[in-house]
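Fold and contact review
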Amino acid sequence: MTSRPAAAPAGAALPADRPAPAVRTVLGDIAPADLGVCDAHDHLFLRSPLLPGQELADAAAAAAELSAFRAAGGAAVIQWTPYGMGRGATELPRLARESGVRIVAATGLHQAAQYTPELLDRIRPDLAGLFVAELTEGIGGTGPRAGMIKVAGGYHGLDGHTRYTMAAAAEAQHATGAAIGVHLELGSGALDVLELLCGELAVPPDRVILGHLNRSPDLVVHRAAAEAGAYLAFDGPSRAHHATDWRLPDALAALADAGFGDRILLGGDTTTAGARSVNGGPGMPHLLRRHRERLELALGEDLVTRFLTANPARAFAATWARTDGGG
């Protein structure tokens, strides 16, 4: 991988010629304060060989889901679908315009099991370059620009594919300023990920978002990750078999009581067609209906509102480096 200039972390003092932090949506960059109520981890489009027959590939269904989310009070969705998994990049700008919901797309790469060996061999030689191009020039060269990087760990471990992918993500982060969102398999391996990304690869901790922590309700690990400075995403409500809903208020209260309420993000993580609200599942609206109501009863309205607004506005904003010679 080629070396690239590092970008200043969010919140650092900026040179006079650097722009203010912005959230990069599929319709262009916006001020963080304009993001609004945000589903910090979800999917409008997704194709996985591990979920055959459950593809999120229907643009009309995605539009209906966004409409339902908007009616529930939602204003923004961060789609964590990475490269090669059916992101629907060409559809996202239209869906954002028609729904009035701001959409952030992702670049990055998932676990090796999500791809054919031929695809991985083709993109591996300049993976960081691919990520940078999608963040600065556009997905596929002509599509909307991605606004974050998505990578994935394994179950309690980091294999060679994961380490190579995270090294590429770190290089792209240094070049652009983008945040890195990490799929933690069943919520495991959070501290190993931080040791690699922030220790070995020098990614600023506040540029790392750890996903699926609700699936491993380990309060000691949660606090250690928050103390390190990372953002903690608790996503995928309504999955009782993942110890998600019933232990989540206690986990969030423990973090807030320890002074880490500014580190918490909430998301829906709709990954199958059957889970969409338009197909009878909880879908995106669930985050802002039953789930939000339950958390407010336990934690208070002001704190939960912060999880849904101020925190994602900081987490996904970047001081975008001018790697493409433009804005």
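Note that the structure is a prediction, hence the values are computed from the model and not measured.

Broken down by element type, the protein chain carries eleven helices and eleven strands. Here the C-alpha radius of gyration of the protein chain, 18 Å, is about what a compact globule of 327 residues would show, namely 20 Å. Seen through its C-alpha atoms, the protein chain measures out along the principal axes to roughly 50 × 45 × 40 Å. Taking all 327 residues of the protein chain together, 56% fall into the buried category. For the protein chain, the share of sequence-separated contacts (at least 6 apart) that also reach a separation of at least 24 residues comes to 76%. If you sum the accessible surface of the protein chain, you get close to 12400 Å²; carbon and sulfur atoms cover 53% of it. Across the protein chain, the mean location of the 28 positive side-chain charges is 3 Å away from that of the 35 negative side-chain charges.

What follows concerns the pattern of salt bridges. Within the structure shown, the criterion is met by ten salt bridges. Residue Arg215 pairs with Asp269 through a salt bridge whose shortest N-O separation is 2.9 Å. Of the two residues, Arg215 is situated in the loop between β9 (208–211) and α7 (219–228) and Asp269 in the loop between β11 (264–267) and α9 (285–299); the sequence distance between them amounts to 54 residues. Take Asp269: its relative accessible area is 3%, and that puts it in the buried class. Between Glu293 and Arg290 there is a salt bridge, and its shortest N-O distance comes to 3.4 Å. Residue Glu293 and its partner Arg290 are both found in helix α9; the two are separated by three residues, about one turn of the helix. The exposure class assigned to Arg290 is exposed, which follows from its relative accessible area of 62%.

Okay, the confidence of the model for the protein chain next. Mean pLDDT over the protein chain stands at 91; residues scoring 70 or higher make up 91%. Long-range and interchain partners of residues 1–14, a stretch whose pLDDT sits below 50, account for 36 contacts in this model, where long-range means more than four residues apart.

You will see that Ala202, though not glycine, has its phi angle at about 60 degrees, which is positive. Within the secondary structure, Ala202 is located in the loop between α6 (190–200) and β9. The backbone of Asp269 shows a phi angle near 55 degrees, a positive value even though the residue is not glycine.

Ile149, Val182, Leu210, Phe234, Leu252 and Leu266 are the most contacted members of the largest nonpolar core, which has 78 residues in total. Every residue in contact with Val182, bar those within four places of it in the chain, is listed here: Trp80, Val151, Gly153, Met166, Val193, Leu197, Val208, Ile209, Leu210 and Gly211.

The next point concerns the sheet that holds strand β7 (residues 148–152). What the six strands build is an open sheet, ordered β6-β7-β8-β9-β10-β11; its pairing is parallel. Lying at the two open borders of the sheet, with one neighbouring strand each, are β6 (106–108) and β11. With direction set aside, neighbouring strand axes in the sheet form an average angle of 30 degrees. Both β6 and β7 contribute to a ladder of three bridges, which runs parallel. The residue of β7 that forms the bridge with Gly108 is Lys150. Strands in contact with helix α5 (residues 160–176) are β7 and β8 (180–183); relative to β7, the strand with the most contacts, it is inclined by about 165 degrees. Relative to the sheet, α6 contacts β8 and β9, its axis offset from that of β9 by approximately 160 degrees.

It is worth spelling out α5 at this point. Between its first and last C-alpha atoms α5 spans 24 Å; for 17 residues at 1.5 Å apiece the expected length is 24 Å, and the two agree. Counting buried positions over the 17 residues of α5 gives 14, a clear majority of the element. N-cap assignment for α5: the residue whose side-chain oxygen lies 3.3 Å from the backbone N of His161 is Asp159.

Another aspect to go through is the pairing of strand β4 (residues 76–79). Of the two faces of β4, both are covered, the one formed by Ala76 and Ile78 as well as the one formed by Val77 and Gln79. Judged from the three bridges that link them, strand β3 (residues 38–42) and β4 form a sheet pairing that is parallel. Bridge assignment links Cys38 to a residue of β4, and that residue is Ala76. Where the polypeptide runs from β4 across helix α2 (residues 92–99) and back to strand β5 (residues 102–104), its parallel neighbour, the crossover connection is right-handed.

Quick notes on the rules
- Residues numbered from 1 in each chain as written.
- Predicted model: local features only at pLDDT ≥ 70, side-chain atom pairs only at ≥ 80, totals over all residues.
- Heavy atoms only, no water.
- Helix = DSSP H or I, 4+ residues; strand = E, 2+ residues; numbered from the N terminus.
- Rg over C-alpha atoms; globule rule 2.2 N^0.38 Å.
- Buried < 20%, exposed > 50% of the residue type's maximum accessible area, 1.4 Å probe, protein only.
- Contact = heavy atoms within 4.5 Å.
- Areas by Shrake-Rupley, 256 points an atom, 1.4 Å probe, with all protein chains shown as cover.
- Lys, Arg positive; Asp, Glu negative; His and termini not counted.
- Charge placed at Lys NZ, Arg CZ, Asp CG, Glu CD.
- Salt bridge = Lys/Arg side-chain N within 4 Å of Asp/Glu carboxyl O.
- pLDDT = per-residue confidence, 0-100.
- Core = buried A, V, L, I, M, F, W, Y, C linked by side-chain atoms within 4.5 Å.
- Pairing = 2+ DSSP bridges.
- Axes fitted to C-alpha atoms, helices over the stretch in contact; angles between N-to-C directions.
- Expected span 1.5 Å × (residues − 1).
- Polar contact = N/O pair within 3.5 Å; in protein donor to acceptor, adjacent residues only side chain to side chain.
- Right-handed = clockwise from strand over helix to strand, strands pointing away.

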